[in-house]
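Descriptive structure summary
Now for the letters of each chain:
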Amino acid sequence: MKMDLGAKITFIDGQLATLNLVPGSSVYGERLLGDYRSWSPRRSKLASALLKGLKLPLSADSSVLYLGASTGTTASHLSDILSDGILYLVEFAKKPMEKLVSLCEARYNMIPIFEDANHPERYLGIVGEVDLIYQDISQPNQVEILIKNADHLLKKSGWVIIAIKARSIDLARSSEDIFRSELEKFSMRFEIEETFDLSPGYRDHLMVVGKLSSN
Ligand SMILES: C[S@@+](CC[C@H](N)C(=O)[O-])C[C@H]1O[C@@H](n2cnc3c(N)ncnc32)[C@H](O)[C@@H]1O
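Described in the following lines is the structure provided in the data block. (Residues numbered from 1 in each chain as written. Predicted model: local features only at pLDDT ≥ 70, side-chain atom pairs only at ≥ 80, totals over all residues. Heavy atoms only, no water.)

**Looking at the site of the ligand**
Around the ligand sit 17 residues, and of these Tyr 66, Thr 74, Glu 91, Asp 136 and Gln 139 come closest. Measuring from a nitrogen atom of the ligand, one finds a backbone N or O atom of Gly 68 at 3.1 Å. The separation between an oxygen atom of the ligand and a polar side-chain atom of Thr 74 is 2.6 Å. Residues belonging to the shell around the ligand are distributed by class as follows: six nonpolar, six polar and five charged. (Near = heavy atom within 4 Å. Polar contact = N/O pair within 3.5 Å; in protein donor to acceptor, adjacent residues only side chain to side chain. Nonpolar A, V, L, I, M, F, W, Y, C, P; charged D, E, K, R; others polar.)

Below, the structure written as structure tokens:
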């Protein structure tokens with residue numbers, strides 16, 4: 001797995017941090033630690049997974065499609081990492097999108113896309129093929145959305161990372177049962193590389209890392 005991120009991600013005073021793409025500016029009230037911005041696992045599932053051992057399959061010049069970007073909290077840290085790359089951000093809610101757009105104005109590698117992630121055909125003219133799709137969307141058809149986007153927009157050698165939220169899929173079944181059936185759907189299209197249980201910070205959430213299946 002590629003993880004050639006140099007000094008882009010580090011630990012300072014025991015805190016995970018990314019090298020600030022816009023020196024001196026804070027995005028959502030996070031602490032500035034010299035040239036770095038603190039990345040709290042309480043604010044970001046991706047930070048939580050990194051602290052549990054996830055290695056990002058990225059380098060500074062990678063391209064990433066982010067589904068469910070909201071106001072850009074986690075996305076801003078990916079923007080720090082992708083200093084020579086590009087980050088396409090899909091969000092369908094108006095309020096967070098407004099904040100996201102102003103964040104993108106300050107960061108040259110972030111492109112906002114005001115769209116429903118169920119319809120990748122509507123933004124394939126903007127995005128092209130990417131190295132990684134990262135998805136954090138609380139919808140019952142989470143895995144189907146990821147597959148549709150990968151079919152249109154992921155390089156053959158590309159990676160996917162999805163935060164599966166059991167409670168958005170079914171309130172009655174156990175999360176173990178939901179994860180089992182979602183992983184079955186996931187593995188029809190992707191090879192599962194790693195999974196990370198995000199509890200106790202994020203109860204009933206499983207982060208799954210995969211690659212397109214070769215067959
Ligand atoms: C859990 S929040 C994302 C938080 C964000 N990933 C972060 O860590 O900073 C989920 C976001 O997905 C968006 N969303 C849900 N369904 C969507 C869809 N079908 N298309 C685009 N965005 C969607 C919601 O509006 C919400 O902002």
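Next, the rest of the story.
**Section: the pairing of strand S8 (residues 86-91)**
Extensive coverage of S8 is indicated by the burial of five of its six residues. By the bridge criterion, five bridges tie strand S7 (residues 63-67) to S8 in an arrangement that is parallel. Looking across to S8, one finds that Val 64 is bridged to Leu 87. Each parallel crossover has a hand, and the one from S7 via helix H2 (residues 73-81) to S8 is right-handed. Pairing analysis gives five bridges linking S8 to strand S9 (residues 110-114), with the strands arranged parallel. Bridging across to S9, Leu 89 finds its partner in Pro 112. (Buried < 20%, exposed > 50% of the residue type's maximum accessible area, 1.4 Å probe, protein only. Helix = DSSP H or I, 4+ residues; strand = E, 2+ residues; numbered from the N terminus. Pairing = 2+ DSSP bridges. Right-handed = clockwise from strand over helix to strand, strands pointing away.)

**Describing helix H3 (residues 94-106)**
Look at H3: 19 Å from first C-alpha to last across 13 residues, which is about the 18 Å you get at 1.5 Å a residue. Considered for burial, the residues of H3 that qualify are Pro 96, Met 97, Leu 100, Leu 103 and Cys 104. Down the axis of H3, the smallest arc covering the buried residues is 120°, so these residues share one side. Turned more than 90 degrees off the buried face of H3, the exposed positions are Lys 94, Lys 95, Lys 99 and Glu 105. At its buried positions, H3 is contacted by H2, S8 and S9. (Expected span 1.5 Å × (residues − 1). Arc of directions from axis to C-beta. Contact = heavy atoms within 4.5 Å.)

**What about the sheet that holds S7?**
Taken in spatial order, the seven strands make up an open sheet running S9-S8-S7-S10-S11-S13-S12, and their pairing is mixed. For this open sheet the edge positions go to S9 and strand S12 (190-197), each flanked by a neighbour on one side alone. In this sheet, neighbouring strand axes are inclined to one another by 15° on average, regardless of whether the strands run parallel or antiparallel. In this fold H2 packs onto S7, S8, S9 and strand S10 (130-135), with an angle of close to 170° to the strand it touches most, S8. The sheet strands contacting helix H5 (residues 142-153) are S7, S10, strand S11 (154-165) and S12, and the helix crosses S11 at an angle near 165°. (Axes fitted to C-alpha atoms, helices over the stretch in contact; angles between N-to-C directions.)

**Looking at the packing of aromatic side chains**
Scanning the entire structure with this criterion turns up two aromatic pairs. Relative to Tyr 134, the ring of Tyr 66 lies with its centre 4.9 Å away and its plane at 70°, an arrangement referred to as edge-to-face. With Tyr 66 in strand S7 and Tyr 134 in strand S10, this pair connects stretches of sequence that are 68 residues apart. One exposure class covers both Tyr 66 and Tyr 134, and it is buried. Plain terms: the ring middles of Phe 186 and Phe 190 are 4.8 Å apart, the flat faces sit at 45° to each other, and that makes the pair tilted. The burial state of Phe 186 is the same as that of Phe 190; both residues are buried. (Phe/Tyr/Trp six-rings, centres within 6.5 Å; stacked < 30°, edge-to-face > 60°.)

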